[in-house]
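Notes for the structure review
Listed below, chain by chain, are the residues.
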Amino acid sequence: MASQLHGAARFTDIVETVRGYQPHADFDLIHRAYAFAHSKHEGQTRKSGEPYITHPVAVAKVIAEMRLDASSVCAALLHDVVEDCNVSDEEMAKRFGGEIGFLVDGVTKLGRVNFTSKEDQQAESFRKMLVAMARDIRVLLVKLADRLDNMRTLDHMKAESQVRIAQETMDIYAPLAGRLGINWLKSELEDLSFKYLYPEQWADLVQKTKKVQRDHERYISDVVKRLQKMLIERSFPADVSGRLKHLYSIYRKIRQTNVDFEQIHDVIAFRVLVENVSDCYAALGVIHSQWTPIPGRFKDYIALPKPNMYQSLHTTVIGPGQRRIEVQIRTHEMHRTAEDGIAAHWTYKEKGSGGLDAKDAARFAWLRQLMEFQQEVSDPAEFLDSVKVDLFADEVYVFTPKGQLKVFPRGATPIDFAYTIHSEVGEHCTGARVNGAIQPLRYQLRNGDTVEILTTPQQHPTKDWLDFVATGRARSKIRAYVRAEERKRSIKLGRDLIERAFHKKDMSFARFVKGGDVEKVARTLKFANAEELFSGVGFGKVEPQEVFEAAMAAEGAPTQLKPTLFEKATRAVTDTVGSTGGGIAIDDVDDLVIRFAQCCSPLPGDPITGWITRGRGVTVHRRGCPRAMELDPERRIDVTWSERVKAARPVSLKIITTDKPGILSNVSAAFTEAGVNIQEANCRVGTDGTAVNLFHFQVNEAAKLQLLMRKIQSLDGVFSVERT
């Protein structure tokens, strides 16, 4: 009862918050949404034991703090009712209108659809949310609020669930919050994910920051007073504040620079808010005249705003006490956009949906591009993998010859640039003229480059391009082209092989094709049409002799149809290792039936996918393996790990450490403590004071490997641990 009263009190706070920024909102609608959600979730509890209604109320509170409209608040209150309480989409729309029904449906997971695997289900859920949010950005804002509350209450979940949810948050939702410009949300999601993905490093950083907190607070107070004084003396009224950077950004800087926490000097950021843009540049001049700027550390995001609308001047200077400090200078309006992103530009419309004016919608054209991209990619895993690549990367700003600004992930090449112009330009790209000089395809674009693409009709994409392109769109287009070319070759090869089989028996292949029997045979052998049949023979799914026998059977000749190679391979694997509801179960079996791909070395417990290979049964890859994504999707088969599997598999780890005595001994001890025997080790010392160590060993489950990696990562002097 106390929890219910507490939930009701929080709901009252939500109403008052909405009333503060939208006094004419439909509060009756909000009350009805709360009452309906409360009644439908009656008796349901969270893992913590609290009544379930506390979750949608918490989500609605975040939405209200973003200052969104009544429909968004209602969607937050109702977002789990359809999925968890057997309420239909029709009933939702009837009770609360089509707008709220659409928002709730966009956020709802696809729990009722039978996908081939859990990973595909997650990818398709994200795809559905993407389509909905491209039509109405509020879908994504409610989803982000939902994920934030789930992360805040993750302590009550099982350890494996915590890691899975935290990884998904770090891969997808934190970068999405960043793309929307909601920096406070991105930072909190990253810090919460960091806590569960790297618990030892998180605890170590928390302890270290607490030790120096008092010193930092004194220093921040002193610098704030000095900044205010120097600006006021020159007639610039300014609001000045300082803060310690959030934990994950500090951790990321430690890994990027390969130094210890004590050697990170610019962990404090100061913010100067002034009245207008001209004051921003004038304040920058004042600061640089008093404190020495660090060369190469000035960024002008006012003249060149980030794609998420962020604007500010960034500079790093040698401040009081000879300490490096970062200063961000912007107007009050820029600051609101920097904190709240797209939510700060929300335009409430009584009867409209979407809520963005034309100018802001143009700034978020990447949403439309993502939606177009998802329509082009049929494989869910490939789509999600490409989106992760695009969301996660740092950005590079380059220009077209006409001065148009384009933004790419760091590491992007002329090919990535070419594919943003048009698919055909990408396919025929031979290089680029960058700042007037000819550069090759592998050239990595840099900030400020002016790029002109060079093409020739003779150029076509190759698999090699996949090794160095950086954008999901280019990667997807190249894969599609390579597959299409392989398909053309397989159709021609299959046709030639069938023709030979007919000629060996002195039968007319031309009559077989022209007479229409080829279509009948294709359907008999479970292919959609003749082209699919030829492709199947070319790829090795079916033997030419089987096609000939099927053709004879179609003419009435007494012949026994044999199962296709694809069917035989599937049946052989199933007979040997068994089948589960989720597909073929991978067990300790002969390597002739099950092969584990050497490119990604899957371990029991890893998410996996299988591919039928001619004469070799099934090859098992880790999900997301780049080589697997280049294979024909039609040969994919769902596989799962059997609970009985015990086979140890080879694994390699690349561990980057500081070059100091004893570090290798500590790493080796971590292997010993984890019960893992090192089979081979290669260590190389770099010129920058770091060492790159490659360890090869065998382990029998992914969970054991993850435990080992976390143990090594927590060692003093270890910068990164990567599975290769």
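Residues numbered from 1 in each chain as written. Predicted model: local features only at pLDDT ≥ 70, side-chain atom pairs only at ≥ 80, totals over all residues. Heavy atoms only, no water.

1. Considerations on the overall build of the protein chain
Of the regular secondary structure elements, the protein chain holds 29 helices and 22 strands. Within the protein chain, the proportion of its 724 residues that are buried is 50%. Considering only contacts in the protein chain between residues 6 or more positions apart, those separated by 24 or more positions represent 66%. Accessible area for the protein chain stands at about 34200 Å²; split by element, carbon and sulfur atoms hold 49% of it. (Helix = DSSP H or I, 4+ residues; strand = E, 2+ residues; numbered from the N terminus. Buried < 20%, exposed > 50% of the residue type's maximum accessible area, 1.4 Å probe, protein only. Contact = heavy atoms within 4.5 Å. Areas by Shrake-Rupley, 256 points an atom, 1.4 Å probe, with all protein chains shown as cover.)

2. Some thoughts on the side chain of Asp-416
If you trace the backbone, Asp-416 turns up in helix H19 (residues 414-421). At 6.9 Å, Arg-475 is the nearest oppositely charged side chain to Asp-416, a buried residue that forms no salt bridge. Polar contacts involving the side chain of Asp-416 include one to the main-chain amide nitrogen of Ala-470, which spans 3.1 Å. Setting aside chain neighbours within four positions, we find Asp-416 in contact with Phe-408, Val-469, Ala-470, Thr-471 and Ala-474. (Lys, Arg positive; Asp, Glu negative; His and termini not counted. Salt bridge = Lys/Arg side-chain N within 4 Å of Asp/Glu carboxyl O. Polar contact = N/O pair within 3.5 Å; in protein donor to acceptor, adjacent residues only side chain to side chain.)

3. Comments concerning the confidence of the model for the protein chain
When the pLDDT values of the protein chain are averaged, the result is 78; 79% of them are 70 or greater. Within the model, pLDDT remains below 50 along residues 347-356, and this stretch shows 22 contacts once partners closer than five positions in the same chain are excluded. Residue range residues 587-592 is modelled with pLDDT below 50. Its contacts to residues more than four positions away, or to other chains, number 14 contacts. (pLDDT = per-residue confidence, 0-100.)

4. Examining the pattern of salt bridges
Summed over the entire model, instances satisfying the criterion amount to 22 salt bridges. For Arg-433, the salt bridge identified is with Glu-452, shortest N-O distance 3.5 Å. Pair noted here: Arg-433 is in strand S9 (residues 429-434) and Glu-452 is in strand S11 (residues 451-455), with a separation of 19 residues, a long-range link.

5. Describing the sheet that holds strand S22 (residues 718-723)
Spatially, the four strands line up as an open sheet ordered S20-S21-S19-S22, and their pairing is antiparallel. Looking at the sheet topology across the chains shown, the edges are occupied by strand S20 (678-685) and S22. Neighbour to neighbour, the strand axes of the sheet diverge by 15° on average, direction disregarded. With 10 bridges joining them, strand S19 (residues 649-658) and strand S21 (residues 690-699) adopt antiparallel strand pairing. (Pairing = 2+ DSSP bridges. Axes fitted to C-alpha atoms, helices over the stretch in contact; angles between N-to-C directions.)

6. Some remarks on the environment of Gly-403
Looking at the element boundaries, Gly-403 is found in the loop between strand S7 (395-399) and strand S8 (405-409). Judged by relative accessible area, Gly-403 falls into the partly exposed class, the value being 47%. Along the sequence, Gly-403 and Val-451 sit 48 residues apart, while their C-alpha atoms lie 9.7 Å from each other.

7. Observations concerning the sheet that holds strand S10 (residues 437-439)
Taken together, three strands build an open sheet; the order of strands is S10-S9-S11 and the sheet is antiparallel. Strands at the two margins of the open sheet, each flanked by one partner only, are S10 and S11. With direction set aside, neighbouring strand axes in the sheet form an average angle of 30°. As defined by bridge partners, S9 adjoins S11 across five bridges and the pair is classed as antiparallel. Within the sheet, the bridge partner assigned to Gly-431 lies in S11 and is Leu-454.

8. So, H19
With six of its eight residues buried, H19 lies for the most part within the structure. For H19, the full list of buried residues reads Pro-414, Ile-415, Asp-416, Phe-417, Ala-418 and Tyr-419. Packed against the buried residues of H19 are S7, S8, helix H20 (423-427), S9, S11 and helix H21 (472-504).

9. Structural notes on the packing of aromatic side chains
One pass over the full model with this rule turns up 11 aromatic pairs. Judged by centre distance (4.1 Å) and plane angle (10°), the rings of Phe-11 and Tyr-34 are stacked. With Phe-11 in helix H1 (residues 2-21) and Tyr-34 in helix H2 (residues 27-40), the pair connects residues that are 23 residues apart, well separated along the chain. Tyr-34 matches Phe-11 in its accessibility class, with the two residues each being buried. With a centroid separation of 5.6 Å and an interplanar angle of 65°, the aromatic rings of Phe-36 and Phe-96 are classed as edge-to-face. With a gap of 60 residues between them, Phe-36 in helix H2 and Phe-96 in helix H6 (residues 89-96) connect regions that are remote in the sequence. Take Phe-96: its relative accessible area is 9%, and that puts it in the buried class. Through a chain of ring-to-ring contacts, three or more aromatic side chains come together here, namely Phe-194, Tyr-198, Tyr-248 and Tyr-251. (Phe/Tyr/Trp six-rings, centres within 6.5 Å; stacked < 30°, edge-to-face > 60°.)

10. Here we look at the environment of Ala-681
Considering the arrangement of structural elements, one finds Ala-681 in strand S20. Residues Ala-681 and Ser-652, spaced 29 residues apart in sequence, show a C-alpha to C-alpha distance of 9.5 Å. Those residues within four positions of Ala-681 in sequence are excluded, and the remaining contacts are Leu-694 and Phe-695.

11. Here's the deal with the packing of helix H3 (residues 54-65) against helix H9 (residues 138-152)
Following both chains from N to C, one finds H3 and H9 inclined at 125°, their axes separated by 9 Å at the closest point. If you check the angle between H3 and H9, you find them oblique. In the crossing of H3 with H9, the sense of the turn from one axis to the other is right-handed. Of H9, the residues touching H3 (which contributes His-55, Ala-58, Val-59, Val-62 and Ile-63) are Leu-141, Val-142, Ala-145, Asp-146, Leu-148, Asp-149, Asn-150 and Arg-152. Here the contact of H3 with H9 is built from residues that sort into eight nonpolar, two polar and three charged. (Parallel < 35°, antiparallel > 145°, perpendicular 65-115°, else oblique. Left-handed = near helix turned anticlockwise from the far one by under 90°. Nonpolar A, V, L, I, M, F, W, Y, C, P; charged D, E, K, R; others polar.)

12. What about the pairing of S9?
As paired strands, S9 and S10 are joined by three bridges and run antiparallel to one another. Counted as the bridge partner of Val-434 is Ala-437 from S10. Between S9 and the antiparallel strand that follows it, S10, lie two residues; Asn-435 among them carries a positive phi value of about 55°.

13. As for unusual backbone geometry
Of note in the backbone geometry, Arg-67 takes a positive phi value of approximately 65° without being a glycine. Given a relative accessible area of 42%, Arg-67 falls into the partly exposed group. The backbone of Gln-322 sits at a positive phi, close to 60°, despite the residue not being glycine. Turning to its location among the elements, Gln-322 is positioned in the loop between strand S5 (313-318) and strand S6 (324-331).

14. As for the packing of H2 against H6
The interhelical angle for the contact between H2 and H6, taken along N-to-C directions, is 145°, at an axis separation of 11 Å. Mapping the contact onto sequence places Leu-29, Arg-32, Ala-33 and Phe-36 in H2 and Glu-91, Arg-95 and Phe-96 in H6. The residue inventory of the contact of H2 with H6, partitioned by class, reads four nonpolar, no polar and three charged.

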